[in-house]
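Summary of the model geometry
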Amino acid sequence: MRILLVEDERNISTYVKRGLEEQGYAVDAAYTGREALDWVDSVSFDIIVLDILLPELDGLSVCRELRKRGNRTVILMLTARDSVDDRVTGLDAGADDYLVKPFAIKELLARLRALSRRSAEMPKTSVLRVANLSLDLASHRVTRDGRPIELPAKEFSILEYFMRNAGRVLTRTMITEQIWNYDSFNQSNVVDVYIRNLRRKIDDAFEPKLLRTLRGVGYRLSVEDEN
Ligand code: CA
């Protein structure tokens, strides 16, 4: 899941970004309304967490602008006061939900989970399957051949990305951009390390082997036997 966090208060932004990343979300931070629109022009996000009070262009204007352009990305609005007016204005501007500041990270995570279930890009079912490997998005559980596999948040996110794109070749760049973000990361060998760990857990003790390396190209999760 890729999230754009739009918040001008640096300490809040840093704190929230870290909290979300710990749960396996890929987070990019924008600090003004204009920056947010620039990001959305070039990257496709699953959810935008949008503060109302921003310099240059406020969150409501950003929201209206995105909807006017036909952008349907799920938007969670952050409001400073719990006034009915603020909430209604946010929803009227096209936001999907709102959260009143200050909030606990737990609360934000719960809201994001609910919103991602509603997101049109999510499959109808919460369980992704490739051969005898299954990944449950709701319970965050992975099993192979019915046996549970423990995965840390990042490895879970990588596997989710592979399973959503089963049969497709994913390059290191695609994986990096999906799971991390542009500003913090550009060492492709780190992707290799994560994939190696993931493969050890999901493939080593099982048949058929699913996660393939295509030398010089990237990786593919598939059931075909052609490697
Ligand atoms: Ca703000």
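For the structure, check the block above.
Here's a quick rundown of the structure. (Residues numbered from 1 in each chain as written. Predicted model: local features only at pLDDT ≥ 70, side-chain atom pairs only at ≥ 80, totals over all residues. Heavy atoms only, no water.)

Thoughts on the coordination of the calcium ion
- Here the calcium ion is held by the protein donor atoms E7 (OE), D8 (OD), E9 (OE), D51 (OD) and L53 (O), which lie 2.1 to 3.1 Å from it.
- In primary sequence terms, the donor set of the calcium ion follows E-D-E-x41-D-x1-L.
- Residue E7 is classed as buried on the basis of its relative accessible area of 1%.
- Looking at E9, the relative accessible area reads 34%, which means it is partly exposed. (Donors = N, O, S within 2.8 Å, 3.2 Å for Na, K, Ca; no water. Buried < 20%, exposed > 50% of the residue type's maximum accessible area, 1.4 Å probe, protein only.)

Observations regarding the packing of aromatic side chains
- This structure, assessed with the given rule, holds one aromatic pair.
- Summarising the aromatic geometry, the rings of W39 and F45 are spaced 6.2 Å apart at their centres and angled 70° between planes, so their arrangement reads as edge-to-face. Accessibility classification places W39 together with F45 in one group, the buried group.
- Taking NZ or CZ as reference, R10 lies 3.6 Å from the ring centre of Y31, over its face. (Phe/Tyr/Trp six-rings, centres within 6.5 Å; stacked < 30°, edge-to-face > 60°. Lys NZ or Arg CZ within 6 Å of the ring centre and 35° of its normal.)

Spatial relationships are all this shows, so hold off on functional conclusions.
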